[in-house]
Amino acid sequence: MNLNQLRDDLSHSDPEIFAALVREETRQRAGLELVPSENYCFPEVLPLLGSAFTNKYAEGYPGRRYYGGQENTDEIELLARARATALFRAEHANVQPLSGSPMNQAVYLGLLNPGDTILAMDLSHGGHLTHGAPVSHMGRIFRFVRYKTAGPEGGIDYAPLADTARQERPKLIVCGHSSYPREVNYATFQAIADEVGALTMADVSHVGGLIAGGVLDNPLDHGFDVMTTTTHKSLRGPRGGLILCKAKHAKAIDASVFPGLQGGPHMNQVAATALTLKRAASDSFKSYARQVLVNAQALAQALRDHQVTLVTGGTENHLMVLDTVTSFDMDGATAQRLLDRVALTTNKQVIPDAPNPPMRPSGLRLGTPAPTARGMGVAEMAIVGRLIATVLRSGENSDIVERARREVEALTSRFPVPGL
Ligand code: DSN
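Residues numbered from 1 in each chain as written. Predicted model: local features only at pLDDT ≥ 70, side-chain atom pairs only at ≥ 80, totals over all residues. Heavy atoms only, no water.

Q: Would you mind going over the site of the ligand with me for this structure?
A: The local shell around the ligand consists of Ser 37, His 128, Ser 178, His 206, Lys 233 and Arg 365. Interatomic distance of 2.7 Å between a side-chain N/O atom of His 206 and an oxygen atom of the ligand. One of the side-chain N or O atoms of Arg 365 is found 2.8 Å from an oxygen atom in the ligand. Relative to its unbound accessible area of 230 Å², the ligand is 65% covered by the protein chains. One can see that the ligand is located within the second largest pocket. (Near = heavy atom within 4 Å. Polar contact = N/O pair within 3.5 Å; in protein donor to acceptor, adjacent residues only side chain to side chain. Areas by Shrake-Rupley, 256 points an atom, 1.4 Å probe, with all protein chains shown as cover. 1 Å grid on protein atoms, 1.4 Å probe; cavity = no way out; pocket = protein on both sides within 12 Å on 5 of 7 lines; lining within 4 Å. Sits in = over half its atoms within 2 Å of the grid points.)

Spelled out as structure tokens, the structure:
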């Protein structure tokens, strides 16, 4: 397959889509991605997603499919599974979830009955929609009880969480987060679950790559029943999901993914996941994971040096949440818009116990997986922290915005996007 020839063909066959693609590539090259759940995938992921595997239906599992012609799909799925179990020290892996939400849904639906109680983190305190937000279908099917981040400096307070578990007797305790800048104490979660007879699930979607790289704790090492992770965040793979579990849950989880919830897996995605898991086992990925944490410390420090207030005061992982109301007297949506103007892409975020609604929240979420994938280090994080504070203090001042935009362009031109 000649990629240049295919691009040329596309420019003629669908000029509108081609033009949007070129603009998006330019946006990604010239701007800087700071949304903590986004990343630049390994370059080889792109051709695999656009490969012949996209043509193939493969309902079922290796050796037990509903269609012929599976000799190559079986091989890549078996490789992906073996690489996943080795990398995460898991007894079983399912590599078919189409993305993060169906991945978590498959676990709940496979291990529980409708109406069962699940104890999970409140969305407004950093949990995820699939952790039982009332607007999600899961919130309607199961009975969610929520814990919050009431501990010292805004971390999880494990004593009231344990009390709630004793009172509510959940069937499943979920930990993991979309917007929590602190390490999770998996051993304590497991101890609480053991006491009340609950199963444990860690949704490590944000930090899956950091666990793979050996720089954050692995819940499976503490006896967790299930761990879920998306593959496109810190892991740098294709958009997708991965379920890792104890062998005793393998049958229920597999049946829940297919035929319970999904039809044919996206085998182009499975191929790219297999590649990702190989790359994530390398020494260079360990260095990358370490640098993500070092860069997060540097960015948090730069922001604090510019009098920015961070939720929980700092970070122990790849992300941080700015309190934009306290720091800049503006909501997170305004902050996101102002930073968009200088090509720093961030995302507005609800912060614990703040009254503002999700579309106009009081915070802004930033992370370092993507800048680190471009090769940026602590010096660049100091520049980014200063630029964020300067732009958000300048309001609509067009001279400052223009200078900042040029500085971002100068910075990003030195660090190409992998694969683009
Ligand atoms: N949407 C993801 C995030 O941004 O954290 C979670 O699924």
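Q: What's the story with the sheet that holds strand E10 (residues 241–245) in this structure? I'm lost.
A: Strand pairing in a sheet is mediated by backbone hydrogen bonds. Such pairs are either parallel or antiparallel. Read across the sheet, 7 strands follow the order E4-E10-E9-E8-E7-E5-E6 without closing on themselves; strand pairing throughout is mixed. Two strands close off the open sheet at either side, each with one partner strand: strand E4 (92–94) and strand E6 (143–147). Pairs of neighbouring strands in the sheet enclose a mean axial angle of 20°, with direction left out of account. Sheet topology places strand E8 (residues 199–203) next to strand E9 (residues 226–230); 3 bridges connect them, and they run parallel. (Pairing = 2+ DSSP bridges. Helix = DSSP H or I, 4+ residues; strand = E, 2+ residues; numbered from the N terminus. Axes fitted to C-alpha atoms, helices over the stretch in contact; angles between N-to-C directions.)

Q: What exactly am I supposed to notice about the side chain of Thr 117 here?
A: For Thr 117, the location among the structural elements is in strand E5 (residues 117–121). For Thr 117, the side chain forms a polar contact with the side chain of Arg 143, separated by 2.7 Å. Beyond its immediate sequence surroundings of up to four residues, Thr 117 is in contact with Arg 143, Val 145, Glu 168, Pro 170, Lys 171 and Leu 172. (Contact = heavy atoms within 4.5 Å.)

Q: Please explain the pattern of salt bridges as it appears in this structure.
A: Here the idea is simple: oppositely charged side chains can pair when their charged atoms come close. Using the criterion set out here, one finds 16 salt bridges in the structure. Between Arg 27 and Glu 24 there is a salt bridge, and its shortest N-O distance comes to 2.8 Å. A residue pair is termed a helical-turn pair when its members lie 3 or 4 positions apart in one helix, as Arg 27 and Glu 24 do in helix H2 (residues 15–30) at 3 residues. Residue Arg 27 is classed as partly exposed on the basis of its relative accessible area, which comes to 38%. Two residues, Asp 163 and Arg 166, come together in a salt bridge whose shortest N-O distance is 2.9 Å. Of the two residues, Asp 163 and Arg 166 are both situated in helix H7 (residues 158–168); the distance of 3 residues between them amounts to about one turn of the helix. Its relative accessible area of 40% is what places Asp 163 among the partly exposed residues. On the basis of relative accessible area, Arg 166 is assigned to the partly exposed category, the value being 37%. In this structure, a network of salt bridges that share partners links the residues Glu 402, Arg 405, Arg 406 and Glu 409. (Salt bridge = Lys/Arg side-chain N within 4 Å of Asp/Glu carboxyl O. Buried < 20%, exposed > 50% of the residue type's maximum accessible area, 1.4 Å probe, protein only.)

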